[in-house]
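Observations on chain architecture
Single-letter residue listing:
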Amino acid sequence: QLQVVESGGGLVQAGGSLRLSCAASGRISNINTMGWYHQAPGNPRPRELVASIASDGYTNYADSVRGRFTISRDNAKNTVYLQMNSLKPEDTAVYYCAADVGARRPWVRYWGQGTQVTVSS
C-alpha cells in the first residue's frame, strides 16, 4: 500500500507564490506519473489536472497554469513539487497529489488527502 501526503498549502495574496510538496511512502515500486489536480470550492466537476510529470521527466500542464507553475520531481525521495508563481484568485482550490503505480498498465492511482490553497485579491 502506498501513502501520498501533500504539504505546503496556505493563504497568499494575488501575485504571490507557494510551493507544494507531495511525498509517497510505504510499499513503493514502479511509481510512474505523479501529478497535481485541483478542485475549486463548490465546483461539482471532477478534479482537474494542473500538472503532471512522468518518471522520465516529461511534463504536462493545464493551459491556465503554463508559464506560472512548475512541476518537478525527486525520484530518490519519491517526492513531487509544484512551484506556483503569480498566483491568481481563480487558483483557489484544494490541490490533490496523485501517484500512478504499477509495472504495467492499467496503473493504480493513489491520492493524497489534499491541501488548501487560497489566493486573496
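Going by the structure above, here's the rest.
Residues numbered from 1 in each chain as written. Predicted model: local features only at pLDDT ≥ 70, side-chain atom pairs only at ≥ 80, totals over all residues. Heavy atoms only, no water.

1. Concerning the pattern of salt bridges
Note the threshold: Any Lys or Arg side-chain nitrogen found within 4 Å of a carboxyl oxygen on Asp or Glu counts as a salt bridge. Think of it this way: any DSSP run of H or I at least four residues long counts as a helix, any run of E at least two long counts as a strand, and we number them from the N terminus. Exposed residues in this analysis have more than 50% of their type's maximum accessible area, buried residues have under 20%, and partly exposed residues fall in between, with area computed by a 1.4 Å probe over protein chains only.
Taken as a whole, this structure holds four salt bridges when the rule is applied. One salt bridge in this structure joins Arg68 and Asp91, with 2.8 Å as the shortest N-O distance. Here Arg68, found in the loop between strand 6 (59-61) and strand 7 (69-74), pairs with Asp91, found in the loop between strand 8 (79-84) and strand 9 (93-101); they are 23 residues apart in sequence, far enough to count as distant. In this pair, the class of Arg68 matches that of Asp91, namely buried. In this structure, Asp100 and Arg109 form a salt bridge, with 2.7 Å as the shortest nitrogen-oxygen distance.

2. A closer look at the nonpolar core
Soluble, globular proteins show a tendency: their nonpolar side chains are buried together. Note the cut-off: Among buried residues, the Ala, Val, Leu, Ile, Met, Phe, Trp, Tyr and Cys ones that are joined through side-chain atoms within 4.5 Å form a nonpolar core.
Counting residues in hydrophobic clusters, the biggest one holds 30 residues, and the most contacted among them are Trp36, Leu82, Met84 and Tyr95. Listed by contribution, the elements that provide at least two residues to this core are strand 1 (2-7), strand 3 (18-26), strand 4 (31-39), strand 5 (48-53), strand 7, strand 8, strand 9 and strand 11 (115-120). By residue number, the principal contributor to this core is strand 9, which donates five residues.

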